[in-house]
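Okay, here's what each chain looks like letter by letter:
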Amino acid sequence: MKRTLAQKLVHRKIKKPPFVIYNLLGRVWQLLFFKKLNVSVDYRCDPRKTKGPYIVISNHASRLDYIYSGIPLLPHTCNYVAGYNEFFRSHLRGIFHILQIIPKRNFTADIYTITQIKRIIKRGGRIVIFPEGMSSISGSNQPCALGTGKLLKHLKVPVFVMNIKGGYLTSTKYCLDERPGRVDVVVDRLFTPDDLASMSDEAIQTRVDEAIHHDDYAWNKQVRAAYDGHGALAKNMGDLLYLCPRCGSEHTMVGEGNVLKCSHCGNGATLNEFYDLIPLDEQCVIPQTPRAWFDLQREKIKKEILDPSFEMRIEAELGMLPEFKPLKDQKTSEIVGSGVIILNHSGFSYEGTCHDKPFSFHLSLSEVPTYGMCTDVTRFYTFFNGTFFEFYPKNNVVMKWFIATEELHRLSGGKWRDFPKK
């Protein structure tokens, strides 16, 4: 019987990447991107001076982070951990196989991933992990996924940290256009094996969160790097910043060119090359930065979900990963059904069809701390019984679903907590 793509994936035994091919590709990417995107590296401690295995932890600023993190480590080769679903996309499948990338089902336990990481470390290899589980949505990062501290303590090897600054401003989540400006990569030591042995899982996890915490917009208020948005810095920004701070309307913010404006009341701002928000007039109510705007939305949802009857529901198409042929044209799933997605104090549910048959499932709030996002702010995914399901809502309400799910998880006592308030 012919094996499915999923079966082939889980039967692979990951090896260390091929030295020559890895370094050749790395130097090509360095020539293509480092000068163009103005990337600089600050080695406060150089991992390349370490003999034997080690792990690199990095914040996940954008989809270009493999370049920002991999090139500074050359000629050392590293095995990266990437989203399970990305291995089903034709333009990534081949290179992921050649470079021995390790698949991970994000935001859910994945024994295969842990086994392969241990396998590489045991053979003297090196691992790069982005513990947030996906690239930044807001310009700042989320806390790392549960279990990160436990994994690092178990592996007992040196751990280094990279903090990527400016990566999000170069390649935002709401618009996939490249915006050259400046990217700084800071490399430092995070833990020695002795450190890990003396610390609890929770203390290690907290230290990782502190080390990777970064806000690109706040950083750029200080360094004042200019980014070339080609006259479209606000393009699609309303998908991310959906709440009007003046009239309170939701999903009325429209981002076109360099202007983000509410279609209901006219409140808005122009973005300049530094991502500064400049109010359109004196009556406009505009937060200091896009990240502050994003946090304003979170605070509003925290109040909304205190109502026991809080519920969100919307029609959505259902996507799944293919069985035998990889996805083409940079698609992230195949549409296999449609129905209604529901979020309330009992959890997340889908009710509809799948492959022309009735289908539904439910996840409790403890099971869904957040969702995954493959590309931009137009769709999201989760796993149910280890199976990938992607949702394409009828209207673009994805960002509110993300924030509401995270805050419902935390309100219900979920283990994935936000960064502590300073």
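So, a few notes on the structure that sits alongside this text. (Residues numbered from 1 in each chain as written. Predicted model: local features only at pLDDT ≥ 70, side-chain atom pairs only at ≥ 80, totals over all residues. Heavy atoms only, no water.)

Moving on, we get to a nonpolar patch on the surface. The grouping of Leu24, Val28 and Leu32 at the surface amounts to a nonpolar patch, some 280 Å² of accessible area in total. By secondary structure assignment, the location of Val28 is in helix H2 (residues 19–34). For Val28, a relative accessible area of 38% puts it in the partly exposed group. (Patch = residues over 30% accessible without salt bridge, like charges linked within 9 Å, V, L, I, M, F, W, Y side chains within 5 Å. Areas by Shrake-Rupley, 256 points an atom, 1.4 Å probe, with all protein chains shown as cover. Salt bridge = Lys/Arg side-chain N within 4 Å of Asp/Glu carboxyl O. Helix = DSSP H or I, 4+ residues; strand = E, 2+ residues; numbered from the N terminus. Buried < 20%, exposed > 50% of the residue type's maximum accessible area, 1.4 Å probe, protein only.)

So, on to the packing of aromatic side chains. Applying the stated criterion across every chain, the model contains 30 aromatic pairs. Summarising the aromatic geometry, the rings of Tyr54 and Phe160 are spaced 5.5 Å apart at their centres and angled 80° between planes, so their arrangement reads as edge-to-face. Here Phe160 lies in strand S6 (residues 159–165) and Tyr54 lies in strand S2 (residues 54–58), a separation of 106 residues in the sequence. Residue Phe160 is classed as buried on the basis of its relative accessible area, which comes to 0%. Where Phe361 meets Phe384, the ring centres are 4.7 Å apart and the plane angle is 20°; that geometry is what we call stacked. Of the two residues, Phe361 is situated in strand S15 (residues 357–363) and Phe384 in strand S16 (residues 380–384); the sequence distance between them amounts to 23 residues. Its relative accessible area of 21% is what places Phe384 among the partly exposed residues. Within the aromatic cluster, the residues linked to one another by ring pairs are Phe348, Tyr350, Phe359, Phe361, Tyr371, Phe380, Phe384, Phe389, Phe391, Trp401 and Phe402. Arg224 extends its terminal NZ or CZ atom over the ring of Phe274, reaching a point 4.4 Å from the ring centre. (Phe/Tyr/Trp six-rings, centres within 6.5 Å; stacked < 30°, edge-to-face > 60°. Lys NZ or Arg CZ within 6 Å of the ring centre and 35° of its normal.)

With four of five residues buried, S16 is to be regarded as a mostly interior element. In this structure, S16 lies alongside strand S17 (residues 387–393), joined through five bridges in antiparallel fashion. Each bridged residue has a counterpart across the sheet, and for Tyr381 the counterpart in S17 is Glu390. Where S16 hands over to S17, the hairpin turn is made up of two residues, of which Asn385 adopts a positive phi near 55°. (Pairing = 2+ DSSP bridges.)

Take the sheet that holds strand S8 (residues 253–256) next. Strand order in the open sheet formed by four strands is S8-S9-S10-S11, and the pairing between neighbours is antiparallel. In this open sheet, the two edge strands, each paired with only one partner strand, are S8 and strand S11 (277–279). Strand-to-strand, the axes of this sheet are offset by a mean angle of 25°, without reference to chain direction. Here strand S9 (residues 259–262) runs beside strand S10 (residues 268–271); their pairing, made up of three bridges, is antiparallel. Counterpart to Lys261 in the pairing with S10 is Gly268. (Axes fitted to C-alpha atoms, helices over the stretch in contact; angles between N-to-C directions.)

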